[in-house]
Amino acid sequence: MKYEEVVRYIEDIPKFTKKHTLLHTREFMRRLGNPCQGRKVLHVAGTNGKGSVCAYMQAILLFEGKRVGFFTSPHLVKLNERIRINGKDIDDDTFCRIFAKVRQVAEELEKEGLEHPSYFEFLYGMGMLAFEENDAEYIVLETGLGGRLDATNSFEHPFLSVITSIGLDHTEILGDTIEKIAGEKAGIIKKSIPVVIGEGDVRYNEVFEQVAAANKSKVIYAEKVFSCQECGCREGRQHFCMHRVRDDRKFEVDLDLTGNYQRHNILTAAATVDFLHEETPLTISRRAFLEGTRDAAAITSLAGRWQKLGENPLVVCDTGHNPHGIAYVAEQLKATPHKELYCVIGFVRDKDLAHILPLLPRDAHYIFTQAQTERALPAAELTAKAAIYGLRGETIPEVPAAVAHARELAAADDMVFIGGSTYVVAEAL
């Protein structure tokens, strides 16, 4: 099959399937040969911050000279982005060849009356085969949804688990309270495997503590290991001052991933590296940490995290798409100098807009849009819902046209923001 046909096949696989166990996923992976068993896997879950933390860890390990596989979601432009080796997407030929192997196993399962792997399971199987084939020493696995029943959780022996943050998202699947969602994310905590918690909170810390205690797993709260303060910009990069609590050691980091919320993500990455360096055979040099975090976006091609797309007017996009992420975006918008603000916004249908829309600035001019996906909330419907919360503007259903119109409206000292949905950002890019 040609690459375009392969992509169409995968895109036609159902995106969501209701699961009560991971038995089917484990059988699927067993028939693929259980690729990457015995390799060193870092498993990362969380509502927000997963992509950034994974990018930092990937870049740091690469600077240490390790061969690194990275499985992530969603993709922004091309499906290959989900499977990366040494910071680069796998090429189309490799993608097609590995697809053929996974398709054969998937169709064998169907012939036996078993369930065809879901969209995410299929890609996860492809990713693990690619990492095995390329002899990746370290694998960074980012969960897709939740943790307990996520396909990546079928890998039973990671060397460390990381949970970045907890917020309300996918409530119809993960639960309608912070505590329930924390319980789902805590499902990645494995027996005797330590877990790093990026953002602790009195509302859910006990959930993690109980699951960890049942598994005899150590809990490391990043904010108890390091503290961090934003110190502005240096040489075009975001500059932070960090402090290691146990020995009062201070150092500075420069990040090419921008956005004030990176303060939380760099804390999580620093605590993860600190644990690995101090309590495992892996040695991570200060140089690898500083250079990896400095160039993480460039090395890993991570996009859509408070990414600047233009100046005069300033144009920025961000993939924050739930109340937890939008709160950080709103804070950043308020802190960014501009005269007038134009927001190109679109959401998918399942988002809790009652908790998202009140967070957005009322003094902006909105251009409500929708991405080309069946999950998109119609732009006209979003316009009506936004008006309830005092958000006014106009409706342009096509994302490229909405972005172009915002650029036309904005003067040199104004700002254009693009976001609300990963799909909207993807089309803008």
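A brief structural summary. This structure is a prediction, so every number in the text was calculated from the model and none was measured. (Residues numbered from 1 in each chain as written. Predicted model: local features only at pLDDT ≥ 70, side-chain atom pairs only at ≥ 80, totals over all residues. Heavy atoms only, no water.)

### Overview of the pairing of strand β1 (residues 40-45)
β1 sits mainly inside the fold: five of its six residues count as buried. As judged from the five bridges shared by β1 and strand β5 (residues 138-142), these two strands associate in the parallel manner. Across the sheet, K40 pairs through a bridge with Y138, a residue of β5. Of the pairings in the sheet, the one linking β1 to strand β6 (residues 160-163) comprises four bridges and is parallel in character. When the sheet's bridge partners are listed, A45 is paired in β6 with I163. (Buried < 20%, exposed > 50% of the residue type's maximum accessible area, 1.4 Å probe, protein only. Helix = DSSP H or I, 4+ residues; strand = E, 2+ residues; numbered from the N terminus. Pairing = 2+ DSSP bridges.)

### A word on the sheet that holds strand β11 (residues 249-255)
With respect to topology, three strands assemble into an open sheet ordered β9-β10-β11, the strand pairing being antiparallel. Edge positions in the sheet fall to β9 (226-234) and β11, since each of these pairs with one other strand and no more. Pairwise comparison of adjacent strand axes, ignoring direction, gives a mean angle of 25 degrees for this sheet. Relative to strand β10 (residues 237-244), β9 is paired through seven bridges, and the arrangement is antiparallel. By the bridge assignment for β10, C233 is matched with Q238. In the packing of helix α10 (residues 262-279) onto the sheet, the strands contacted are β9, β10 and β11, and the crossing angle to β9 comes to about 125 degrees. (Axes fitted to C-alpha atoms, helices over the stretch in contact; angles between N-to-C directions. Contact = heavy atoms within 4.5 Å.)

### Thoughts on the pairing of strand β15 (residues 365-370)
Bridge count for strand β14 (residues 341-345) against β15 is four bridges, and the pairing is parallel. What sits directly across from C343, in β15, is Y366. Relative to strand β16 (residues 393-398), β15 runs parallel, the two sharing four bridges. Residue pairing for β16: I367 is matched across the bridge by E394. Taken together, β15, helix α15 (residues 379-388) and β16 constitute a β-α-β crossover, and its handedness is right-handed. (Right-handed = clockwise from strand over helix to strand, strands pointing away.)

### A few points about the nonpolar core
The tendency in soluble globular proteins is for nonpolar side chains to be buried as a group. Counting 44 residues, the largest nonpolar core has M57, F226, M242, V253, I266 and F289 as its most contacted members. It is helix α3 (residues 50-63) that contributes the most residues to this core, nine residues altogether. Excluding residues that lie within four positions of it along the chain, V253 makes contacts with Q238, H239, F240, M242, I266, F289 and L290. Ranked by size, the runner-up nonpolar core spans 39 residues in total, among them I10, F120, L141 and F155. (Core = buried A, V, L, I, M, F, W, Y, C linked by side-chain atoms within 4.5 Å.)

### What to know about the side chain of T300
Along the polypeptide, T300 turns up in helix α12 (residues 296-300). Excluding residues within four positions of it along the chain, T300 makes contact with A55, Q58, A59, R84 and G87.

### Describing the packing of aromatic side chains
All chains considered together, the criterion is met by 13 aromatic pairs. Between Y138 and F159, the aromatic rings sit 5.8 Å apart at their centres with planes inclined by 75 degrees, giving edge-to-face as the arrangement. One end of the pair, Y138, is in strand β5; the other, F159, is in the loop between β5 and β6, and 21 residues separate them in sequence. The rings of Y9, F99 and F122 are connected pair by pair, giving a single aromatic cluster. Over the aromatic face of Y119 sits the side chain of K15, whose NZ or CZ is 4.3 Å from the ring centroid. Over the ring of Y3 we find K78, and its NZ or CZ is 5.0 Å from the ring centre. (Phe/Tyr/Trp six-rings, centres within 6.5 Å; stacked < 30°, edge-to-face > 60°. Lys NZ or Arg CZ within 6 Å of the ring centre and 35° of its normal.)

### Regarding the environment of P281
By the element assignment, P281 lies in the loop between α10 and α11 (286-294). On a C-alpha basis, the gap between P281 and I388 in space is 56 Å, while along the polypeptide they are 107 residues apart.

### Looking at the pattern of salt bridges
Pairing of side chains with opposite charge becomes possible as their charged atoms draw close. Using the criterion set out here, one finds 28 salt bridges in the structure. In this structure, the salt-bridge partner of R234 is E252, at a minimum N-O distance of 3.0 Å. Of this pair, R234 sits in strand β9 while E252 sits in strand β11, and the two are 18 residues apart along the sequence. A residue is classified by how much of its surface remains accessible, and R234, at 35% relative accessible area, is partly exposed. (Salt bridge = Lys/Arg side-chain N within 4 Å of Asp/Glu carboxyl O.)

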